[in-house]
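Observations on the model geometry
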2 protein chains.
Amino acid sequence: MPTVDKLLLEEALQDSPQTRSLLSVFEEDAGTLTEYTNQLLQAMQRVYGAQNEMCLATQQLSKQLLAYEKQHFALGKGDEEVISTLHYFSKVVDELNVLHSELAKQLADTMILPIIQFREKDLTEVSTLKDLFGLASTEHDVSMAKYSRLPKRKENEKHKAEVAKEVANARRKQHLSSLQYYCALNALQYRKRVAMMEPMLGYTRGQHFPSWHIMLSILMRSAHHKEQSMPWRTRRTEQ
Amino acid sequence: MPTVDKLLLEEALQDSPQTRSLLSVFEEDAGTLTEYTNQLLQAMQRVYGAQNEMCLATQQLSKQLLAYEKQHFALGKGDEEVISTLHYFSKVVDELNVLHSELAKQLADTMILPIIQFREKDLTEVSTLKDLFGLASTEHDVSMAKYSRLPKRKENEKHKAEVAKEVANARRKQHLSSLQYYCALNALQYRKRVAMMEPMLGYTRGQHFPSWHIMLSILMRSAHHKEQSMPWRTRRTEQ
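Residues numbered from 1 in each chain as written. Chains lettered and ligands numbered in written order. Predicted model: local features only at pLDDT ≥ 70, side-chain atom pairs only at ≥ 80, totals over all residues. Heavy atoms only, no water.

This part is about the overall build of chain A. In terms of regular secondary structure, chain A is built from 5 helices and 0 strands. When the helices and strands of chain A are listed from N to C terminus, the series reads α-α-α-α-α. Counting the 239 residues in chain A, one finds 46% classified as buried. Within chain A, contacts between residues at least 6 apart in sequence are counted, and of these 83% link residues at least 24 apart. For chain A, the accessible surface area stands at approximately 12,300 Å², while carbon and sulfur atoms represent 56% of it. (Helix = DSSP H or I, 4+ residues; strand = E, 2+ residues; numbered from the N terminus. Buried < 20%, exposed > 50% of the residue type's maximum accessible area, 1.4 Å probe, protein only. Contact = heavy atoms within 4.5 Å. Areas by Shrake-Rupley, 256 points an atom, 1.4 Å probe, with all protein chains shown as cover.)

If you want it as structure tokens, here you go:
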């Protein structure tokens, strides 16, 4: 494992085999990071998806509880109590639904968004600059080959100067794109550590607590309210 | 809407058109209840499914966090801190996973199980007894028709007695099955109200609170722990 932690910009112009070899180490690292980031994003999106599904499920349950009233039961005697209780539960589920939605939104904003931004911005930038650097290198190689195939005769001096200018341009272009590529790879090494840990802070951080506290109090209130009025509630559990 | 709240067992033997008409009202009510119960169960299973998916999702996320260490990054400098932080987060997610699993189990036991039991036991019993009552009625009708087609001649006295016995048997059988069917329909009217409200108590009742409290404390602990060591955590949000 190399002890270097960045690509030196001053070595970009010379473009030596040693520099190229070091570059390939950084490229391999970026490739591994891209693959890992995709897997991590997938796992995080699954958590977000579950939280989102919980919103939709509580929404459906709340609606279904209200639907009891609209069933037109042939025997409706004593249904007023059931209807009012199911209305009450529907409201509790609605309140929980609001909080589940908030949790889902928070997961989206503080967990999913940072890692998507890292992928779309940092990783995509490296990948784009890699392509541009590759194109510039090829262009430079082509103009170099053209220059080396030039006949040595005097009368071609003007054409020779043109090709030399082309080579110089290509080298300048390649130098510029390598500088940008090196910078992006160096920045990626810095961003990498933060990018890996930031979404998890979003997952566990304090923003969630108010919601969880409210959720807890809704459930406690609903349980206390109902425990008084429903003595039969222990029937099943006593069996 | 009839003001009766049960089928009178003493009317089962006579089996009058009035009784049959009242029976059809109870049957219609049972049909509506079966349909509504199936929809309610579906909505509740969706909530349970979301909670279960949250278990699986947190499990996958925890594994993915540990997997960072095994990526063999070409540039591993400074990774010790990332690895130890992701290990820490993996443990937090594991603890949350245990609690999500407990919540899923509690939903299964206190919300899904009672309504499945109601469907499998009470509703299925009514439906089975309806079939048996139908069979017994048909059998009775057949033996009655046979009896009424008997010739009136004296020499058939023995055969007549046999058929009369058959009719009596069929009537006894039909009477017995109608008693059972009426009982089940009456019991369903009693069970109905409890069955509709019991699963929702399971959803909101106190059993959840210990888990929610622990979940809250895990998240608070992890946030305090990390807030100290990660000054960069506000970077994104300050953008």
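Right, let's talk about helix α2 (residues 79-148) of chain B for a bit. In a regular helix each residue adds 1.5 Å, so 70 residues correspond to 104 Å; α2(B) covers 96 Å between its end C-alpha atoms and thus fits that length. The principal kink in α2(B), of about 40°, is found at B:I112, preceding the proline B:P114 by one to four residues. (Expected span 1.5 Å × (residues − 1). Bend = angle between axes of the 7 residues up to and from the residue.)

To continue, consider the nonpolar core. Core analysis: the biggest nonpolar cluster contains 51 residues, and A:M196, A:Y203, B:L61 and B:L86 have the highest contact counts within it. Sorting the residues of this core by element identifies α1 (17-67), α2 (79-148) and α3 (157-204) of chain A together with α1 (17-67) and α2 of chain B as the ones contributing at least two each. It is α1(A) that provides the largest number of residues to this core, a total of 13 residues. Residue contacts for A:M196: discarding those within four places in its chain leaves A:L33, A:Y36, A:T37, A:L40, A:F118, B:Y68, B:V82 and B:L86. (Core = buried A, V, L, I, M, F, W, Y, C linked by side-chain atoms within 4.5 Å.)

All names here are of chain A. When pLDDT is averaged across chain A, the result is 85; 84% of the residues are at 70 or more. Model confidence for chain A, summarised as mean pLDDT per element, is weakest for helix α5 (residues 235-238) at 40 and strongest for α1 at 95. Scored below 50 in pLDDT, residues 230-239 shows 19 contacts in the model against residues more than four places distant or in partner chains. Confidence estimates for the predicted assembly give a pTM of 0.82 and an ipTM of 0.83. (pLDDT = per-residue confidence, 0-100.)

This part takes up the packing of aromatic side chains. Per the counting criterion, the structure on display carries 8 aromatic pairs over all chains. Pairing A:Y68 with B:Y36 gives two aromatic rings, centres 5.2 Å apart and planes at 80°, and the pair type is edge-to-face. Separated into two different chains, A:Y68 in the loop between α1 and α2 and B:Y36 in helix α1 make up a pair that spans both. Take A:Y68: its relative accessible area is 2%, and that puts it in the buried class. Chaining the aromatic ring pairs together yields one cluster made of A:Y36, B:Y68 and B:F73. The ring centre of B:F73 lies 4.1 Å from the NZ or CZ of A:K192, which sits over that ring. (Phe/Tyr/Trp six-rings, centres within 6.5 Å; stacked < 30°, edge-to-face > 60°. Lys NZ or Arg CZ within 6 Å of the ring centre and 35° of its normal.)

Turning our eyes to something else, we now look at the packing of α2(B) against helix α3 (residues 157-204) of chain B. Residue and element names in this part refer to chain B. Contact pair α2 / α3: the axes reach a minimum separation of 7 Å and the direction vectors enclose 160°. The angle between α2 and α3 places the two elements in the roughly antiparallel class. The two elements α2 and α3 meet at a crossing, and its hand is left-handed. For the contact of α2 with α3, the residue count by class is 25 nonpolar, 9 polar and 12 charged. (Axes fitted to C-alpha atoms, helices over the stretch in contact; angles between N-to-C directions. Parallel < 35°, antiparallel > 145°, perpendicular 65-115°, else oblique. Left-handed = near helix turned anticlockwise from the far one by under 90°. Nonpolar A, V, L, I, M, F, W, Y, C, P; charged D, E, K, R; others polar.)

All names here are of chain A. All chains considered together, the criterion is met by 16 salt bridges over all chains. The partner of R191 in a salt bridge is D122, and the shortest N-O contact between them spans 3.3 Å. One end of the pair, R191, is in helix α3; the other, D122, is in helix α2, and 69 residues separate them in sequence. Like R191, the residue D122 is buried in the burial classification. (Salt bridge = Lys/Arg side-chain N within 4 Å of Asp/Glu carboxyl O.)

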